[in-house]
Amino acid sequence: MSVNLNNKFRFHLDSVNKVFSWQVVDNLTVEEATEAARIILETVQINSKTEKIKLLVDNRFMEREGHPIVFTPEVNSIWEEAQRNVFPHLTKVAVLCSGSIMKMQMDRISRNSNISEINKSFWNKEDAVMLKEAFDFLEIPSNALVQSK
């Protein structure tokens with residue numbers, strides 16, 4: 001059975017800067033999170049054969065009616081496992097958050113999956129400031145998928 005992620009999960013590989021980016025724009029079911037994790041792991045493994053890559057995770061759109069969307073414990077478990085599996089292939093991970101609650105959740109997930117030494121979550125009311133901080137952390141000038149809201 002195929003899972004359609006077009007409306008909830010978008011991704012892009014910048015092969016020049018070795019950055020794999022994705023956006024989660026709505027809450028994911030367990031099946032959708034499983035498929036997204038498969039795409040992430042496969043893309044990272046294929047594109048890190050010669051050198052490790054960076055991740056840029058855009059969760060800024062993870063809100064509904066002004067309130068953050070929080071992943072279920074089952075989905076969190078899938079993300080934690082995916083992070084553990086991609087960790088050996090990464091140099092840095094930047095996560096853009098929709099608010100302070102999500103930033104705390106993303107920090108907890110990175111600690112639980114033991115990638116906190118290369119992972120940094122960002123949240124700022126000023127979208128341009130948050131993007132600049134994340135791009136500076138990743139040492140990239142911009143990203144084709146991740147732009148100001």
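Residues numbered from 1 in each chain as written. Predicted model: local features only at pLDDT ≥ 70, side-chain atom pairs only at ≥ 80, totals over all residues. Heavy atoms only, no water.

A. Region of interest: the pattern of salt bridges. Here the structure, examined in full by the defined rule, presents 10 salt bridges. Residue K92 is joined to E139 by a salt bridge in which the shortest nitrogen-to-oxygen separation is 2.7 Å. Within this pair, whereas K92 is found in strand β6 (residues 90-96), its partner E139 is found in the segment after α4 (127-138), the two being separated by 47 residues in sequence. Taking the shortest distance from any N to any O, the salt bridge between K103 and D107 comes out at 3.0 Å. Pair noted here: K103 and D107 are both in helix α3 (residues 100-112), with a separation of four residues, about one helical turn. Judged by relative accessible area, which is 27%, K103 ranks as partly exposed. Here the residues in one salt-bridge network are E35, R38 and E42, joined through shared partners. (Salt bridge = Lys/Arg side-chain N within 4 Å of Asp/Glu carboxyl O. Helix = DSSP H or I, 4+ residues; strand = E, 2+ residues; numbered from the N terminus. Buried < 20%, exposed > 50% of the residue type's maximum accessible area, 1.4 Å probe, protein only.)

B. Local environment of the pairing of β6. Burial runs high along β6: five of the seven residues are buried. Here strand β3 (residues 53-58) runs beside β6; their pairing, made up of six bridges, is parallel. Of the residues in β6, the one forming a bridge with K54 is K92. As paired strands, β6 and strand β7 (residues 119-122) are joined by four bridges and run parallel to one another. Looking at the pairing, L96 lines up with F122 of β7. Once the chain exits β6 it traverses α3 before rejoining the sheet at β7, and the crossover so formed is right-handed. (Pairing = 2+ DSSP bridges. Right-handed = clockwise from strand over helix to strand, strands pointing away.)

C. Just unusual backbone geometry, in detail. The phi dihedral of K18 is positive, around 55°, even though this residue is not glycine. Relative to the helices and strands, K18 resides in the loop between β1 (9-14) and β2 (19-24). The backbone of E139 sits at a positive phi, close to 60°, despite the residue not being glycine.

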